[in-house]
Structure formats: structure tokens, C-alpha cells
Amino acid sequence: MAGFRTLSSGLRALQPGAFGADPSGERMARIRRSPHFKDGVFQNPGGPARTRPSGSTLDFAKVFFDKDTRPRRTPKGTVPVHSTTLADIARPPATGLRLTWMGHSSVLAEIDGRRVLFDPVWGERCSPFSFAGPKRLHPVPLPLAALGPVDVVVISHDHYDHLDMPTIKALAGTDTLFAVPLGVGAHLEHWGVSAGRLRELDWHETTKIDGIGLTATPARHFCGRGLRNTQHTLWASWVVAGDEHRIYHSGDTGYFDGFEEIGAGHGPFDATMIQIGAYSDFWPDIHMTPEEGMRAHVDLQGGPEHGPMLPIHWATFNLATHPWADPGEGTLAAARAVGAAVALPRPGEPFEPTAENVPSEPWWRGVALPPAGGRAAAQALTGAGIKTAADAVAVAQTDTLSDDAHRVGKGTEDPETLPAG
């Protein structure tokens, strides 16, 4: 037995630091007391969710390596990152609320005098390794050090495209506090964040930081960073409420009927930030399509007449087999179908959700391959309504904006794809 323990210790020593650490001690005891922890794992709302690609490996390989669709998964020109982010965020928001999408699920929220940073990923790859894994399709809009003081960093779950070790290590040297789901604090402590700066929450628990309320709310997803997926760290969506404004960040989630309950308890919101990318028929339970994301937004808001939806979890990393631009096109079409407001900023473009105007131009069209069949191929669907995400994309393609000539630049490579990140 001693030999096995020695071997096990040796293997642990070889693990990348980015794997983090498993919960233990009182943290693990608290996890076991959670009403959402059963049979040794955290449970999803709405019943078990498939957390591995369904179907055969051969079926997935056929889709992944298809030579006709593969080129559409990345932009074919330089992604237009907003150029004046630093100067723009140096001024306080006139309305008291400003959101700056940094790409993927990373958002800086300036809310009622406080600065909240969601799922900050400044690394070049969302991977435990610097030499492999999905690579950035556009640069970060500004260096992390230029962001300025952050009051609280909010983490939705521990996957690499949401919890980035180099970014957390850099933030560990600041005064910021961290709000995380149960168990995720083990990773942060392993990387140098002191326990006193952690606020670790179960679903429906709230913490107050400098007058801002942060509530962990349910999501339908899963967790894990290492070779073993123990399901001992929780995943969450988040409600952030100030004196005047309130916002919602979905993290990663499949659609479920809990959005309406979250909205009834905490909404309506001045803005929602909703995951609409990296969806697939191979993992339908854990990521939303654009149409599902818009349905979640309307559920949360109690109708389409309230604050806008900011689509997140797309455009920055290649994590699924759908075309790169489809999440944007699908969201635009889904918003039009239900009459909801949607914000479409370029990466790094700050906007104020309660102002009269929010960014609304489909900026991605200049650097995406045009859809198969052209933008007018599915005009017949516009009068019939949107029933699926594919319909939503088709409706959006009826717009007649011309595609710019494609420019060769960052984003022309096809990085490795990791399913269901």
C-alpha cells in the first residue's frame, strides 16, 4: 500500500498547477451539507444533465473534421476589438451602470459606484497548458493591469474558459475580493488567494461587498479541471444588485425552468448577460442555443420590455462545431422575433444598458464567411416565426448588409476544440 501511496503522490506532483486543488476539510464538510449535494456529487436542477458528448465518438469526429464546415468555425479576418476601452472606462458611467464585454464570458460591470469583474480570462489559451488547447481569436481589449481596481471578482464555475489560473494569480496580488460557488475557493487558495478574501456561496445564498449584493443562483452545467472530475465544485449563475441597479450573469448553463423563478425573486434586471455560444446537439443539456438564451432572458425579465440582453460565451474561443458567427446571428434574430432589446458591443466596447442607445450593429459580419446560400436564403422563415436555433440563424441571414472583403489577420488559424467547456 505504501508503494501505491508513493506512486499517487508522484502523479499529483506532476499535475499542472492549473488543475487547482480539490476541496477538503471544512470546505468539503460544508459541501456535503449542501441540499444540492447528493450521492457524492452536486445535482443539476431539472434532473441529470449529460455532461459528455452524446452519440458515438465516430459521429462526433465526422462533424468535427468535416472539411466543408470546419473553416466557418473561426473568423477569416481581424476581429474588430474596440480601441479606446481604457479612455472610455476612465470616466464614470453617466447612468450609474456600464458593462464592458472583454470577450467570451468576461465582463466588467461598473454598478452604483462599484466595479465587478465576471469570469476574467486574460490568458492566451483556455487550457491547463500554454502550448495546447483553444487559443484566443482576438486579443484582450486591454491589459489586466490597466483595468484599475476591482471591488469583487465573480466566478461562475471552474472550467478553464471561466477560471484562468494566470489571471487569478495576477489578481491575487491586489486587494480585490472573490465571490465563488461552493468548492471553487480551493482552487483560488491553491493559487495564492487568502481565505479572508473569499466569499464562497451555495445557490440562493447572498453576500454583501461594499454595499453590493451578490447572490449565487442555480445553473444547469457541471464542473471539473483535472484528470478526475469529482463534481465537488458547484457551478452558478449570479445576481448582482446595487442601490439603484441589478444585473444577471448566467455563467454556463443549459435551458431549464428555473430562470423564471430567478427573475421573480431578483428581477427584473437592467441587463442580463446570457451564454449563447458553444452549443451542440452532442451536449444539449449544458449550453444554450441563441434561441434558448433569449427564452431565458425573457423568463428572467418577466417579458421582453425590460433591460437588454448581452450575449456572452462566444467569438473569443473555438469550443464547438457551429460556425463562428452563428451565436451572434441567432441572438439578433431571436431578439427580433420576440421584440426584446439586445446589446451587440464589439469586444472591449463599453455601453450603458439604461441609456437611450446600446450597440446594435452586427459587427462580426465583416470578418465572418458569409452563410451557405447567402443572406437571403431563408427569407421564407421570417413570416413563420423562429422554432429552433437554426431557424434563428436563418432569419438573421435575411439582412442585406454586404460582407466586407476578408482581411487576413489574427483569428485565421483553426485552434483545437474542446467540447462543452
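The structure we're discussing is the one just above.
Here, residues in each chain are numbered from 1, in the same order as that chain's written sequence. The predicted nature of this model means local features are confined to residues of pLDDT at least 70 and side-chain atom pairs, given and counted, to a pLDDT of 80 or more, with totals for whole chains, interfaces and linings taken over all residues. The side-chain quantities take in all heavy atoms of the structure and omit both hydrogens and water.

In this section: the sheet that holds strand 4 (residues 106-111). DSSP calls a pair of strands paired once it identifies at least 2 bridges connecting them. Helix and strand labels come from DSSP, where a helix needs a run of H or I of at least four residues and a strand needs a run of E of at least two; each type is numbered from the N terminus. With mixed pairing, 7 strands are arranged side by side in an open sheet as 8-7-6-5-4-3-15. What marks the edges here is a single partner per strand, and that holds for strand 8 (198-201) and strand 15 (350-351).

A word on unusual backbone geometry. For the bond from Gly-267 to Pro-268, the omega torsion is -5°, close enough to zero to count as cis. Within the secondary structure, Pro-268 sits in the loop between helix 7 (258-266) and strand 13 (271-275). One non-glycine residue, His-104, adopts positive backbone phi at about 55°. Inspection of the secondary structure assignment puts His-104 in the loop between strand 3 (97-103) and strand 4. Given a relative accessible area of 2%, His-104 falls into the buried group. The backbone phi angle of Ala-278 is positive, close to 65°, even though this residue is not glycine. Buried means the residue's accessible area, taken with a 1.4 Å probe over protein chains only, is under 20% of the maximum for its type, while exposed means over 50%, and partly exposed covers the values in between.

On to the pattern of salt bridges. A carboxyl oxygen of Asp or Glu within 4 Å of a side-chain nitrogen of Lys or Arg is what we treat as a salt bridge. Taken as a whole and assessed by the stated rule, the structure comprises 9 salt bridges. Here Asp-88 makes a salt bridge to Arg-91, at a shortest N to O gap of 3.4 Å. Residue class for Asp-88 comes out buried when judged on its relative accessible area of 17%. The salt bridge involving Arg-365 is made with Glu-329; its shortest N-O contact spans 2.8 Å. Separated by 36 residues along the polypeptide, Arg-365 in the loop between strand 15 and helix 10 (389-396) and Glu-329 in helix 9 (residues 326-338) bring together distant segments of the chain. In the salt-bridge network here, residues are joined through shared partners; they are Arg-27, Glu-189 and Glu-200.

This next bit is on helix 9. Any helix carries an expected span of 1.5 Å times its number of residues minus one. Its 13 residues give helix 9 an end-to-end C-alpha distance of 18 Å, which sits within 8% of 18 Å, the value for a rise of 1.5 Å per residue. Taking burial as the measure, the 13 residues of helix 9 include 10 buried ones, the bulk of the element. When helix 9 is considered as a whole, its buried residues turn out to be Asp-326, Pro-327, Gly-328, Glu-329, Gly-330, Thr-331, Leu-332, Ala-333, Ala-334 and Ala-335. Taken from the residues just after helix 9, Gly-339 is the one with a positive phi, measuring 75°.

Let us look at the side chain of Arg-136. Along the chain, Arg-136 falls in the loop between strand 5 (114-118) and strand 6 (152-154). The charge count includes Lys and Arg as positive and Asp and Glu as negative, but it does not include His or the ends of the chains. Among buried charged residues, Arg-136 stands out as having no salt bridge; its nearest opposite-charge side chain is Glu-124, 4.7 Å away.

Here we come to helix 5 (residues 165-172). For helix 5, the full list of buried residues reads Met-165, Thr-167, Ile-168, Leu-171 and Ala-172. Along the axis of helix 5, the buried residues cluster in a sector spanning 160°; they form a single face. It only takes one pair of heavy atoms within 4.5 Å for two residues to be counted as in contact. Taken together, the buried residues of helix 5 touch strand 6, strand 7 (177-181) and helix 6 (185-190). Picture the helix axis, draw a direction to every C-beta atom, and the arc is the one those directions span.

A few words now on the sheet that holds strand 14 (residues 309-312). With mixed pairing, the 6 strands of this open sheet are ordered in space as 9-10-11-12-13-14. Since the sheet does not close on itself, it has two edges, and those belong to strand 9 (206-209) and strand 14, each with one partner. Ignoring which end each strand starts from, the neighbouring axes of this sheet average 15° apart. Pairing analysis gives 4 bridges linking strand 13 to strand 14, with the strands arranged parallel. Pairing of Gln-275 across the sheet is with Ile-312, part of strand 14. In this analysis, axes come from line fits to C-alpha atoms, helices being fitted only over the stretch in contact, and the angle between any two N-to-C directions falls in the range 0 to 180 degrees.

So, on to the pairing of strand 11 (residues 237-241). In terms of burial, strand 11 is a largely internal element, 5 of the 5 residues being buried. Side chains Ser-237, Val-239 and Ala-241 project from strand 11 onto one buried face, and the interleaved Trp-238 and Val-240 project onto a second face that is buried too. Both strand 10 (residues 212-217) and strand 11 contribute to a ladder of 5 bridges, which runs antiparallel. Across the sheet, Gly-213 pairs through a bridge with Ala-241, a residue of strand 11. Hairpin connection from strand 11 to strand 12 (residues 246-249): 4 residues lie between these consecutive antiparallel strands.

Time to look at the pairing of strand 12. Bridging between strand 11 and strand 12 involves 4 bridges; their strand directions are antiparallel. Its bridge partner lying in strand 12, Val-239 is registered against Tyr-248. Handedness is read with the strands pointing away from the viewer; a crossover is right-handed when the path from the first strand over the helix to the second is clockwise. Between the parallel elements strand 12 and strand 13, the chain passes through helix 7 in a crossover that is right-handed.

Take the packing of helix 7 against helix 8 (residues 290-301) next. Where helix 7 contacts helix 8, the two axes come as close as 6 Å, and the packing angle between them is 35°. For the pair helix 7 and helix 8, the sense of crossing is right-handed. Residues Phe-259, Glu-260, Ile-262 and Gly-263 of helix 7 touch helix 8, and the partners they reach there are Ala-296, Asp-299 and Leu-300. Split into classes, the residues belonging to the contact of helix 7 with helix 8 amount to 4 nonpolar, 1 polar and 2 charged. For any pair of crossing helices, the crossing counts as left-handed if the nearer helix is rotated counterclockwise from the farther one by less than a right angle, and right-handed if it is rotated clockwise. Under the grouping applied here, Gly and all other residues not named as nonpolar or charged are polar, the nonpolar ones being Ala, Val, Leu, Ile, Met, Phe, Trp, Tyr, Cys and Pro and the charged ones Asp, Glu, Lys and Arg.

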